[in-house]
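# A structural walkthrough
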Amino acid sequence: MGRFTKEENSWMMYDWANSAYSIIITTAVFPLFFKAAATEAGVSPANSTAYLGYTIAISTFILAMLGPILGSIADYKGLKKRFFLFFFCIGVTSTALLAFIPSEHWFLLLLLYTITVIGFAGANVFYDAFLVDVTKEERMNYISARGYGIGYIGSTIPFLISIAIIVLAQNELIPVSVTLASQLAFLITAVWWGLFTIPMLKHVKQHYYVEREPKIIQSSFRRLGHTLKEIKQYRALFLFLLAYFFYIDGVGTIITMSTAYGSDLGISATNLLIILFVTQVVAAPFAIVYGRLAEKFTGKKMLYVGIIVYIIVCIYAYFLKTTLDFWILAMLVATSQGGIQALSRSYFAKLVPKHKANEFFGFYNIFGKFASIMGPLLVAITAQITGNSSSAVFSLIGLFIIGMIILIFVPEQKEYAQPAAIGKVG
């Protein structure tokens, strides 16, 4: 693929930066910290898993509503970076503040966690949209997948430091409580995320844009309405979003609920942290492999592969009983987690008109976020009705099957010619 430009490297470095949040806050330490706090307060394991699912659903609903509107505004010249910076600052600040909430206030923890999700996911809307600015179309699969690969590698460093502090605290080898050790992990996440975002802020620029108009907000709503009216012109894009809505729902739910699920099965916090660390290590090369294979077999075929792997994960999860079973499940997820997300991002980026990238990635966000509402709600309701977390995970299988069926009807090539960018700087 040749050498990487400064903009490509700086863009990929943000995956290195924010992946610390993905593993420590979304997947590993915070869910375990919250589950312990809720249990201490007398909340049952099934209910605490449900409450976490409801919280994720609420926060993603807020972002889903804001995504297309903010994206449409950010398409104007010079605004994409400002919106990115705004949500990035919210995310980093609220993540750091998690360290200062007493563990007995489990409801307050969930409330602040909601704000961290809004900051993290909001910044990602504009980060993903920058893919059209930093590289050429023929390099998008590889750059997107390599970003995910770098992210998995980068996330292992703060995660390993956090695990070490927590395990040492559990074994009383350092004069720190397990609660404080977990809170230190939240601070480490915020510092890591903030520090390695600097290249993105310095070197990545908005090359494709819409020239500013008077009354930007009103104009943005008009453009958004115009796009919705002309959605038939973007049939391939719309079908892809519909497929994405279903299969990414299952992916996101498994990522966000995995530690809560493992905890409900009786797997110790230490084992869960070690399993998740190894998952990150294994996922890194597989994400890059997905990008390479997409160049040879097409991104669509590799998306099929990822979906099939996740269907197997859902089936296997239903019969899961031991820590070894959870290890096997985690390794299966590791083979496809990064690849399916990376190729979804680049596949979509190839379909969108570049000068409307933020607006369309706003729709990408709204489909992804509404999906993220449905999945955790499905898990939460199934867990409460059946009292069984395995049944809850198995219920996700239908989402992957529906997504794959719709993806079949998405053409390999664009069904429309992208209009020329209204504005472009060199």
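Residue positions are given per chain, counted from 1 along the sequence in the order it is written. Reporting of local features is limited, given that this is a predicted model, to residues whose pLDDT is at least 70; pairs of side-chain atoms are given and counted only at 80 or more, and all residues count toward the totals for whole chains, interfaces and linings. For side-chain calculations, the full set of non-hydrogen atoms in the structure is used, while hydrogens and water are omitted.

### Re helix H8 (residues 178–195)
- If you check H8, its first and last C-alpha atoms are 26 Å apart, about what 18 residues at 1.5 Å a residue would give, namely 26 Å.
- Buried means the residue's accessible area, taken with a 1.4 Å probe over protein chains only, is under 20% of the maximum for its type, while exposed means over 50%, and partly exposed covers the values in between. Every helix listed is a DSSP run of H or I at least four residues long, and every strand listed is a run of E at least two residues long, numbered separately from the N terminus. Taken residue by residue, H8 has Ala181, Ser182, Gln183, Ala185, Phe186, Thr189, Ala190, Trp192 and Trp193 as its buried positions.
- The criterion used for residue contact is that any of the two residues' heavy atoms lie within 4.5 Å. Buried residues in H8 make contact with helix H1 (6–27), helix H2 (29–40), helix H4 (80–97), helix H5 (106–129) and helix H7 (140–170). By this rule, a helix spans an expected 1.5 Å times one less than how many residues it contains.

### Here's the deal with the nonpolar core
- As used here, the term nonpolar core means buried Ala, Val, Leu, Ile, Met, Phe, Trp, Tyr and Cys residues forming a set that is joined through side-chain atoms within 4.5 Å. One finds Trp11, Phe240 and Tyr247 to be the most contacted residues of the largest nonpolar core, which totals 130 residues.
- By residue number, the principal contributor to this core is helix H11 (residues 235–264), which donates 15 residues.
- Membership of the second largest hydrophobic core comes to 8 residues, among which are Ala145, Tyr152, Ala283 and Ala287.

### Digging into the environment of Val251
- Summarising the element assignment, Val251 is placed in helix H11.
- Among the residues examined, Val251 registers a relative accessible area of 1% and is labelled buried.
- Sequence-wise, Val251 and Ile340 are 89 residues apart; in three dimensions their C-alpha atoms are separated by 8.6 Å.
- Setting aside residues no more than four positions away along its own chain, Val251 makes contact with Tyr310, Ile340, Gln341 and Phe400.

### Re the packing of H2 against H8
- Contact geometry of H2 with H8 gives a least axis separation of 10 Å together with a crossing angle of 145 degrees. The handedness of the crossing between H2 and H8 is left-handed. Two secondary-structure elements touch here, H2 through Val29, Phe30 and Phe33 and H8 through Thr179, Ser182, Gln183, Ala185 and Phe186.
- For the contact of H2 with H8, the per-class residue count stands at 5 nonpolar, 3 polar and no charged. Lines fitted to C-alpha atoms define the axes here, with helix axes fitted over just the stretch in contact, and angles between the N-to-C directions of these axes take values from 0 to 180 degrees. Rotating anticlockwise by less than a right angle from the far helix to the near helix defines a left-handed crossing, while the corresponding clockwise rotation defines a right-handed one. Think of it as three bins: nonpolar holds Ala, Val, Leu, Ile, Met, Phe, Trp, Tyr, Cys and Pro, charged holds Asp, Glu, Lys and Arg, and polar takes everything else, Gly as well.

### Some details on the pattern of salt bridges
- By convention in these notes, a salt bridge is any Lys or Arg side-chain nitrogen within 4 Å of a carboxyl oxygen on Asp or Glu. Considering all chains together, one arrives at 4 salt bridges under this definition.
- For the salt bridge of Asp15 with Arg345, the shortest nitrogen-to-oxygen distance reads 3.3 Å. Of this pair, Asp15 sits in helix H1 while Arg345 sits in helix H14 (residues 323–351); the two residues are 330 residues apart in sequence, bridging distant segments of the chain.
- For Asp15, a relative accessible area of 5% puts it in the buried group.
- The salt bridge involving Asp128 is made with Arg345; its shortest N-O contact spans 3.1 Å. On the criterion of sequence distance, the pair formed by Asp128 in helix H5 and Arg345 in helix H14 is long-range, its members being 217 residues apart. Across this residue pair, the class does not change: Asp128 and Arg345 are buried.
- Three or more residues joined by partner-sharing salt bridges are found here, namely Asp15, Asp128 and Arg345.

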